[in-house]
Structures are given as C-alpha cells and as structure tokens.
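Examination of the molecular architecture
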Amino acid sequence: MLESIEKLRKAFDEALAKVSDNDELEKLRVAFLGKKGAVTDSMKELKNMDNEARKEFGKEINVLKDNIDSAIRSFADKMMNAQIEKQIEQARKFDFTVPSSQPEGSLHPITLVQRRIEEIFKSMGFIIEDGIEIQTEYNNFEAVNIPKNHPARDMQDTYYLSNGQLLKTHTSAAQNYIMRKYGAPKKGEPPLKVLFPGRCFRNENIDACHENTFWQMEGMMIGEDISISNLIYFMKVLLSEVFERDVKVRLRPGFFPFVEPGFELDINCLICGGEGCPTCKNSGWLELLPCGMIHPNVLKMGGIDHDKYTGFAFGLGLTRLAMMKYEITDIRVLNSGNLKALKQFVS
Ligand code: DAH
C-alpha cells in the first residue's frame, strides 16, 4: 500500500515541475487534493484496512497531503515573487530623467485666469463649486426666474438635447442646486459665499468676439444683511487683483430676471485703451461683469427665506476676462487647440 503513496508523490513532483502559471497550479491542486483528487481518493481506502495498516497508511498519506499542500503554496509564492521582480525590472528600464521628445505642455489661458480668481475668492472665504454641463430646463431657466415663454430665453440661443435637457447656457444654472445644497447661513455663521466656474454653450455665429462654447465664473453671497455695497466691494477687489493695475470700470443698470436691481459692470477695453476696436465692437467698453441683488423669487425657489436673507450674484465672463488680461484679440484662438498660440501665456 505504501508503494501507492510513493507513486502519488512521484506523479505530483513530475506534474509540479511542468507547471508554468497559476491556472495550471490550481488544476494540479484540484487533481491531488480536490474532493475527487488522487490523495482524497486514496484516503477513502482507509476504511477498508485493518487497524495496523490503517495506522501506518493514514500517517503516510497525511504526510503526503501536507507536503503537497506546502509545495503548492511555496510554488505560488515563488511565482508571485518572480512576477514582482519582473515588474520592478521593467520599471527600472524606464528612466524618468531622460528629456522628453514631446513638446512641453502648458496651462490654457482660461485655466490660468480661473485659478487666479479662485485663489482671490478663496482667500476671502468663498467655497468653490462645480456645475454640470448638461442641465434641466428648470435649473437653467425656471429656477432663475425665467419662466417658459419669457423673452429672456431668446437672448440665450440654447442647444436642446433630444431627451429634453439642454447644454447650460450660463453658470447661473447651478444657483438653485447650490442654494439647496448649503442653505442659508445659520445664526452666528458667516454668509454663504460660493464661486462656481463652468463652461457654457450658446448657438452663436462665431466671430472675433463670439463663440458657441465659452467660460463663465459665477459668484453668490447670501446672508442677513448683504447689500449692494458688499457687491461693489467684491467686484473691485476682483478686478484690481486680476489685472494687477488700475482699470476703468463703469456701472450701469442692466436687466437680468434673476437679480433686482441688476447691473452691468463694464471695463474699459484694454486692447484699444477705449479708442474702439473689433474686440469691443468699437464702443471702447466691454461688458464683463453683470451682477445684482438676487431676486426674491430665486431665493424662494432655492429654499431660502427671502424675507430674512438677501444676497448678491455676479456672472463673470471668464473667456472675456482672459482675452482682456492677455490681450488676445480673437476669441477663436481659445478653442483652436493651436499650441503655438496658447502656449505663450504664463500667470
Ligand atoms: N447668467 C447671465 C448670463 O449669462 C449673467 C449674469 C448676470 C449672472 C447677472 C449673474 C447676474 O449672477 O447677477 O447672461
């Protein structure tokens, strides 16, 4: 009987020598130690043996079982170590210090301006939020006080999707979501201050100053005593920090359904110095920062008590701001993917 154990051992050793991967090793384990495996089968013979033979055979077959088990484990370890060694070897071949033959990348001018403004506002306690690009009609229009059939919808030539949603036409589309997410500040808390940049889409005829895909940066501050003075203060800080020089601005009344009163904050064209050029449509001024006090309806729809709280909002034309800051005369450059043109800006 003991010969059969020796035979099994030999058969196992020979089979193990041929194993080259984990699958084969597992098959071998099943063939010997599995429910219907060779070792398990031999063990079933025990019940037919007399006491003496059972004792001797039982001992030997258990030794074999343990040996096979540990041989399989150490083989698996060996294979794993070999694999790790191979990976390390491959990683060593990759020399991170070799200069790349690829041209070096750079940040897009809009990204540069976006990050700069985020820094400025973060230092004043603003939270940065992100807005999704595919929006519901409700968020884009109704929730900011532009009901169905309101003429203000015509000013934003909208790309509708076949599922009834749309590509957001302005960052204001995130106002309702943000109001609901954070709510009004509780007693003793500072005002809610949020900045939310985003890409917007309108079906524009493209020329030097119009694009169908452009960036805006929206901001909101909501609290118990927020007034136009707060609005003007934050807008002044923003512009002087971004341009790092004195810029001429003018504030004039402007209509937007989601603010009351609403303003247009224009900046003197930095490309022509106010003389008039294609970028400013020969007016010497560029509409850069529409803003105003958030309309009570908008607060209400955002779940905020409009008797108790007030707030301001602004919708900065980030694309325009980047053009002004870097004196880019044609908006089309920004989406062109022309690295030669886009690489030259550093913050
Ligand atoms: N959403 C407006 C637009 O794209 C811009 C805007 C105007 C945003 C006034 C505001 C605001 O938050 O107060 O035309």
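Everything numeric here is computed off the predicted structure, so don't read it as measured data. (Residues numbered from 1 in each chain as written. Predicted model: local features only at pLDDT ≥ 70, side-chain atom pairs only at ≥ 80, totals over all residues. Heavy atoms only, no water.)

Digging into the pattern of salt bridges
- With the rule as written, the count across this model stands at 17 salt bridges.
- Among the ionic pairs, E241 bridges to R116, the shortest N-O distance being 2.9 Å. A residue pair is termed long-range when its members are at least 10 positions apart, and E241 in helix α8 (residues 228–243) and R116 in helix α5 (residues 109–122) qualify at 125 residues.
- Residue E241 is classed as partly exposed on the basis of its relative accessible area, which comes to 35%.
- Ionic pairing is found between D330 and R332, a salt bridge with its closest N-O pair at 2.8 Å.
- Three or more residues joined by partner-sharing salt bridges are found here, namely E137, E142, K148 and R153. (Salt bridge = Lys/Arg side-chain N within 4 Å of Asp/Glu carboxyl O. Helix = DSSP H or I, 4+ residues; strand = E, 2+ residues; numbered from the N terminus. Buried < 20%, exposed > 50% of the residue type's maximum accessible area, 1.4 Å probe, protein only.)

Describing the sheet that holds strand β7 (residues 259–268)
- Read from one edge of the open sheet, seven strands run β1-β4-β5-β9-β8-β7-β6, paired in mixed fashion. The sheet is open, and its two borders are formed by β1 (127–128) and β6 (249–253), each paired with just one other strand. (Pairing = 2+ DSSP bridges.)

Let's talk about unusual backbone geometry
- The peptide bond linking E260 to P261 adopts the cis configuration, its omega dihedral lying at -5°.
- Structurally, P261 is set in strand β7.
- Even without being glycine, N145 reaches a positive phi, approximately 65°.
- Counting through the fold element by element, N145 comes out in the loop between α6 (137–140) and β3 (166–167).

Description of the domain arrangement of the protein chain
- Assigned domains within the protein chain: domain 1 (2–93) and domain 2 (109–342).
- Computed from C-alpha coordinates alone, the two centres of domain 1 and domain 2 are separated by 70 Å. (Domains from an automatic or database assignment.)

Section: the pairing of strand β8 (residues 285–294)
- Across the 10 residues that make up β8, a large majority, seven, are buried.
- As defined by bridge partners, β7 adjoins β8 across eight bridges and the pair is classed as antiparallel. Opposite E264, over in β8, you have P290 as the bridge partner.
- Sheet analysis places β8 next to strand β9 (residues 310–317), joined by three bridges and oriented antiparallel. Across the sheet, the residue bridging to C291 is F314, located in β9.

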